[in-house]
Amino acid sequence: MPNIDEYLQSNAERFEAELCELLSIPSVSADPAYRDDVRRAADWVTDKFRRLGFATETITTAGHPLVYAVSPRVDDAPTALVYGHYDVQPPDPLEQWITPPFEPSRRDGNVYARGASDDKGQMLTHVNSAEAWMAAEGRLPINLKFLIEGEEETGSENLEKYIVEHAGRLACDCVVVSDGAQFAPNRPAITYGLRGIVYYELRLIGPNRDLHSGSFGGSVTNPANALAAMLAGLIDEHGKIRIPGFYDDVIQITDRERKGFELLGFDEREYFDQIGVDCAIGEEGYTTLQRRWARPTYDINGLSSGYQGEGAKTVLPATATAKFSFRLVPDQDPGKITAGLKLRLAELCPPGIKFELHSHDFTGSPGVLVPLDSPAVQAAARAIEYAFGTPPVYTREGGSIPIVATFHNVLKADTLLLGWGQSDDGAHSPNEKFSLADFHRGIKASAKLWEELAACGFAENVGCVKRTESDAKQ
Ligand SMILES: [Zn+2]
């Protein structure tokens, strides 16, 4: 792409200056005091798209605006939807910043500011690459739709709604998101899997009031004892979760994935040292990375019952509650897991106890998996190698990004998670930074990606969403 590459080179300095301009707007979505600044950031992004000649709208929501921009139509070319966000986390604690969070500072090859990596810098890589195509070639090789929100840091509630209500308008062959990290410096990654989550609150009810454990102990079921036993009954000594049907829909780790994980050179010792733990545990038969990325897990997140103050109080509590969650992998269905859990809890519940189970629907989200041999993943791999000089590694992620599940379920589109950041960028922390080298490589990779996606053969594959044989359930 000689014209494009030359354009990127001669505009590199301006791209950095524009990034600093956007970074100087304190678009903190969580704090109402910044409402006008959030709006200013939306306007800045809108303006940028208008200057590219994209059909652009600032969409009002119940919260902060969404910016939606569409590139000039290219017939017989696929469509990619780019998702990003212009809002940022609060900058506190301010005194720990070496330079103020909203006065971008370029030093040691990085730009330091709140939002540098998460996500203004990463999001702009795709905007700048689109600019380069428009300016140097007069047109893009594919159709681009940009959906840039201002509420990512507060839960994306209005975006979810918008996607569900406007699925037709957002139709695309794949989604592109850069809002994460490379595996390590100079080891760019394609994240092709995310875990999902279901989150519950369990409340056990015993006697009609707190009782004296001396007078009553041993004659009635203690809800705290019962809670401990019930929670323990959800998992066995081999690390297998004991809920009917829990593993039925789990897509097994393929041989190719096992080998891929091994090649990453994950240092288990260092991982456990960092968190001050002296041994690996978990589901038998799996490595630590496999357990973190590709197997479902069960964790108690909070417990409360009885006396929590200082000293001793010999109470037999009337109630006990626990918050716990399961990280899910494709194709586990949150609804089916809840149904199985209720059956299992009924089985485990001792006499003298009633239980109530509430699921936190807002966190009920399935996992996602993008087939490694899909044309879109292959296109992204070629684009990354072109820009970074090294092929990407393939990683999965133990956490959940509900919006990606929404893209998958509502738009039926796979998401390419192409993080250009580094794990030490300090997203959500003081002194957030983004490497300027990664910024420019990200722009170059993005520019190449549009060309590669245009040529990747979406048409023959009816979009890139078709799950291929090798990734099918084993
Ligand atoms: Zn982000």
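Procedures and definitions
- Residues numbered from 1 in each chain as written.
- Predicted model: local features only at pLDDT ≥ 70, side-chain atom pairs only at ≥ 80, totals over all residues.
- Helix = DSSP H or I, 4+ residues; strand = E, 2+ residues; numbered from the N terminus.
- Rg over C-alpha atoms; globule rule 2.2 N^0.38 Å.
- Contact = placed C-beta atoms within 7 Å.
- Pairing = 2+ DSSP bridges.
- Axes fitted to C-alpha atoms, helices over the stretch in contact; angles between N-to-C directions.
- Buried ≥ 20, exposed ≤ 12 C-beta atoms within 10 Å, placed from the backbone.
- Parallel < 35°, antiparallel > 145°, perpendicular 65-115°, else oblique.
- Left-handed = near helix turned anticlockwise from the far one by under 90°.
- Nonpolar A, V, L, I, M, F, W, Y, C, P; charged D, E, K, R; others polar.
- Bend = angle between axes of the 7 residues up to and from the residue.
- Domains from an automatic or database assignment.
- Core = buried A, V, L, I, M, F, W, Y, C linked by C-beta atoms within 7 Å.

**Focus on the overall build of the protein**
Point 1. Helix and strand content of the protein: 14 helices and 18 strands.
Point 2. The C-alpha atoms of the protein give 25 Å as radius of gyration, which agrees with the globular expectation for 474 residues (23 Å, within 12%).
Point 3. Structurally, the protein occupies a C-alpha span of about 85 × 50 × 45 Å along its principal axes.
Point 4. Across the protein, the fraction of contacts at a sequence separation of at least 24, relative to all contacts at a separation of at least 6, is 80%.

**Some thoughts on the sheet that holds strand 9 (residues 196–205)**
Point 1. Taken in spatial order, the four strands make up an open sheet running 11-13-9-14, and their pairing is antiparallel. A single partner strand is all that each edge strand has here, and the edge strands are strand 11 (297–305) and strand 14 (354–359). The average angle at which neighbouring strand axes cross in this sheet is 20 degrees, direction not considered.
Point 2. Bridge count between strand 9 and strand 14: six bridges; the pairing is antiparallel. Across the sheet, Leu 202 pairs through a bridge with Leu 357, a residue of strand 14.
Point 3. Packing of helix 7 (residues 223–232) onto the sheet brings it into contact with strand 9, strand 11 and strand 13 (319–328), and relative to strand 13 it is tilted by some 15 degrees.

**Quick notes on helix 13 (residues 402–410)**
Point 1. Turning to helix 13, its buried residues are Ile 403, Val 404, Ala 405, Thr 406, Phe 407 and His 408.
Point 2. After helix 13 finishes, the residue Lys 412 shows a positive phi value of roughly 55 degrees.

**What about the packing of helix 2 (residues 12–23) against helix 4 (residues 116–137)?**
Point 1. Look at helix 2 against helix 4: their axes get within 10 Å of each other, and the N-to-C directions meet at 135 degrees. Classified by the angle their axes make, helix 2 and helix 4 are oblique. By crossing handedness, the relation of helix 2 to helix 4 is classed as right-handed. Contacts between helix 2 and helix 4 involve Phe 15, Leu 19, Leu 22 and Leu 23 from the former and Ala 116, Lys 120, Gly 121, Leu 124 and Asn 128 from the latter.
Point 2. For the contact of helix 2 with helix 4, the residue count by class is six nonpolar, two polar and one charged.

**Here's the deal with the packing of helix 5 (residues 157–165) against helix 13**
Think of two packed helices as two axes; the pair is described by the angle between the axes and how far apart they sit.
Point 1. Orientation of helix 5 relative to helix 13, taken along the N-to-C sense of each, is 10 degrees, at an axis distance of 10 Å. Judged on the interaxial angle alone, helix 13 and helix 5 are roughly parallel. Residues Leu 159, Glu 160, Ile 163 and Val 164 of helix 5 form the contact with helix 13, whose participating residues are Ile 403, Thr 406 and Val 410.
Point 2. Residues belonging to the contact of helix 5 with helix 13 are distributed by class as follows: five nonpolar, one polar and one charged.

**Quick notes on the sheet that holds strand 18 (residues 433–435)**
Point 1. In space, the three strands of this open sheet follow the order 4-5-18, with antiparallel pairing throughout. Strand pairing shows two members of the sheet lacking a second neighbour, strand 4 (105–107) and strand 18, which therefore form its edges. In this sheet, neighbouring strand axes are inclined to one another by 25 degrees on average, regardless of whether the strands run parallel or antiparallel.
Point 2. Sheet analysis places strand 5 (residues 110–112) next to strand 18, joined by three bridges and oriented antiparallel. Of the residues in strand 18, the one forming a bridge with Tyr 112 is Lys 433.
Point 3. Docked against the sheet, helix 14 (residues 436–454) engages strand 4, strand 5 and strand 18, running at close to 60 degrees with respect to strand 18.

**A closer look at helix 4**
An α-helical turn contains 3.6 residues, so a residue and the one three or four places further along point in the same direction.
Point 1. Approximately 25 degrees is the largest bend angle found in helix 4, and it occurs at Thr 125.
Point 2. For helix 4, the tally of buried residues reaches 18 of 22 residues, placing the bulk of the element in the interior.
Point 3. Positive backbone phi, at 80 degrees, marks Gly 138, one or two positions downstream of helix 4.

**Focus on the domain arrangement of the protein**
Point 1. Segmentation of the protein into domains returns domain 1 (2–194 + 367–471) and domain 2 (196–250 + 296–363).
Point 2. A straight line from the C-alpha centre of domain 1 to that of domain 2 covers 40 Å.
Point 3. The partner domain 2 presents seven residues to the six residues of domain 1 that form the contact.
Point 4. Among the residues forming the side of domain 1 that touches domain 2, the class breakdown is three nonpolar, three polar and no charged.

**Comments concerning the nonpolar core**
Point 1. Membership of the largest hydrophobic core comes to 92 residues, with the highest contact counts inside it found for Ala 80, Leu 81, Val 175, Ile 190, Ala 380 and Leu 416.
Point 2. Sorting elements by how many residues they give to this core places helix 12 (residues 375–388) first, with nine residues.
Point 3. Leaving out residues up to four positions away in the same chain, Leu 81 has contacts with Lys 145, Leu 147, Leu 170, Cys 172, Val 175 and Ala 413.
Point 4. Counting 23 residues, the second-largest nonpolar core is a separate cluster that includes Met 230, Phe 261, Ala 320 and Leu 328.

**Focus on the pairing of strand 3 (residues 79–85)**
Point 1. For strand 3, a buried count of seven out of seven residues is recorded, marking the element as mostly surrounded by other parts of the structure.
Point 2. The pairing of strand 3 with strand 7 (residues 174–177) spans four bridges and is classified as parallel. Pairing of Ala 80 across the sheet is with Cys 174, part of strand 7.

**A short note on the pairing of strand 13**
It is a general feature of regular strands that their side chains alternate between the two faces of the sheet.
Point 1. Here 10 bridges tie strand 9 to strand 13, and the two strands are oriented antiparallel to one another. In the strand pairing of strand 13, Ile 197 is matched with Arg 327.

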